[in-house]
Amino acid sequence: MRDSYYDTPDFRRILKKYEDAQSKGEPVFIDSDDLIRICEYYQTNGEESKAVEGARYALKLFPGAVEPLAFLSRYVLLVKKDPEKARKYAEQILDKNDVDYFYLIAEIMIVEQRQEEADCYLEEQIPIVESEEEEEEISIQDYYFDVANLFSDYNLCELAQKWLDKDKETDTTDYKELDARIAIGLGNFKKANKIYQQILDDNPYAENFWNKLASSQFLQGDFSNSIQSSEYAIAINTKDDEAILNKANGLFSLENYTEAEKYFRKYVQLMPDNETGELFLGMTLFRLNKLKSAFSHIKKAEILTGTDNPNLKEIYKQLAFIESKLGHIDKAIHYIDKVMVMPDSNQDELKVLKGHIYLENQKYKEGQRCYEEAIDHTNSPQVLYHSAVSFYENGLFLTAYEMLQTILFAPHKDWNKGFSYLAACARELHKEDEYIKYLRIAVKKNPQEARRILGKYFPNGMKPSQYEDFLETLR
């Protein structure tokens, strides 16, 4: 959800004053903080050029000021990927004892993958913050909190936790929210859920915290409760786009694609310029076998997506899957080739996808060549796993079975995927004892996957933990 301040009369008045002056080419005096809020508003709306223009105008009015220089520095750092130029802007800041200067220098270090140096640098500034605490609006406790928040923004959760532990003002909602966010980053979902529940007990109408709880539950694989939390947020605000998206994702994960489609459509109506809604609506329609409609929506997502957006890879993959289902092999391979030339693409996994497309269209020789190229080139369990899944989905159960046995009983740390596929293969191959054995492991290690792959063999709505007992009743 966007900052509600942008919808206030005060902000609208300031924005109109600025835009009227800009349209007439007249100078206008607006406080530096307000000018930067205008820049952030433009940036939120995707109007980068207006945002940069506003920051440069602010710099003319307030040369050497922290706010416009920090904005321009972060813009070239995060958008233009130019840490050197970002540092040049930062060094123009006159007050180098301002905490925002400290945060900016540290953020540049973090982007440069120098997080330990950033940590040491921020530690070194503590005496300066303490010495100026009485004169400045920020306290040392605020400093600890802001540094924790900075590290959390970059998913450096152990460093974030270290700094948050310094903060003694633990009763604020902001502290609790950050504590929960760090807990999620560290995989401690139970702690995060407990914190969000405590906040909601005090304020049950805080829709943003219902959304945060829903997201935490979703990441934990607790899709039913995630949907329920989303419904509380929607009851408070029927146009809460985040809650609607969370509910749609939960329904999708439970394979309730008919209901998921309804909520993804609602999200698209509320956020027509966001490619996420079009992408997931297309993926849902694909699973409902509405291929032409799915293709149309994912193409819309492609149009809405910038060339440097990470979603573009997924968009091309989904277009490839649809083209393959439609029997358009060359077009499907074309989309995979487009992903292969993109930065940081996993070539071996993409070769497996090519193999899957060929197998799906009965091009067995070409498919086998792709799999061999991928498997011969890597020992990655991920690549081997995706290959085995592809064999399973194309009905080559014995090949999938043999490959999964090789992967799943090797010593891969925390590996929990594929046991449901192995159980399903054993079932297809009439290996009843092994089917029971692998089903038991699958249910224990990954109940979500078990529900998705094996649930079709059991009564609708049955929990994976009940699968084995149900089989016993049939004997």
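Residues numbered from 1 in each chain as written. Predicted model: local features only at pLDDT ≥ 70, side-chain atom pairs only at ≥ 80, totals over all residues. Heavy atoms only, no water.

## A word on the packing of aromatic side chains
The description of two aromatic rings rests on the distance between their centres and on the angle between their planes. All told, the structure shown has 26 aromatic pairs when counted by the stated rule. Ring geometry for Tyr144 against Trp163: centres 6.2 Å apart, planes inclined by 50°, an arrangement best described as tilted. With Tyr144 in helix α9 (residues 140-153) and Trp163 in helix α10 (residues 157-164), this residue pair connects regions lying 19 residues apart in the sequence. Taken individually, Tyr144 and Trp163 each receive the classification buried, so the pair is uniform in this respect. Between Phe218 and Phe223, the aromatic rings sit 5.2 Å apart at their centres with planes inclined by 55°, giving tilted as the arrangement. With relative accessibility at 28%, the residue Phe218 sits in the partly exposed group. Taken together, Tyr5, Tyr6, Phe11, Tyr41 and Tyr42 form an aromatic cluster joined through their ring pairs. (Phe/Tyr/Trp six-rings, centres within 6.5 Å; stacked < 30°, edge-to-face > 60°. Helix = DSSP H or I, 4+ residues; strand = E, 2+ residues; numbered from the N terminus. Buried < 20%, exposed > 50% of the residue type's maximum accessible area, 1.4 Å probe, protein only.)

## Quick word on the pattern of salt bridges
Under the counting rule described, the total for this entry stands at 22 salt bridges. One salt bridge in this structure joins Lys290 and Glu261, with 3.3 Å as the shortest N-O distance. Of this pair, Lys290 sits in the loop between α17 (275-287) and α18 (291-304) while Glu261 sits in helix α16 (residues 257-270), and the two are 29 residues apart along the sequence. Residue classification places Lys290 among the partly exposed residues on the basis of a relative accessible area of 38%. Connected through salt bridges with shared partners, the residues Arg87, Glu112, Arg114 and Glu117 form a single ionic network. (Salt bridge = Lys/Arg side-chain N within 4 Å of Asp/Glu carboxyl O.)

## Focus: unusual backbone geometry
Phi angles above zero are rare outside glycine, and Asn289 is one such case at about 65°. Checked against the element boundaries, Asn289 lands in the loop between α17 and α18. Positive phi values are uncommon outside glycine, yet Gln362 reaches one of about 60°. Note on placement: Gln362 falls in the loop between α21 (347-360) and α22 (364-377).

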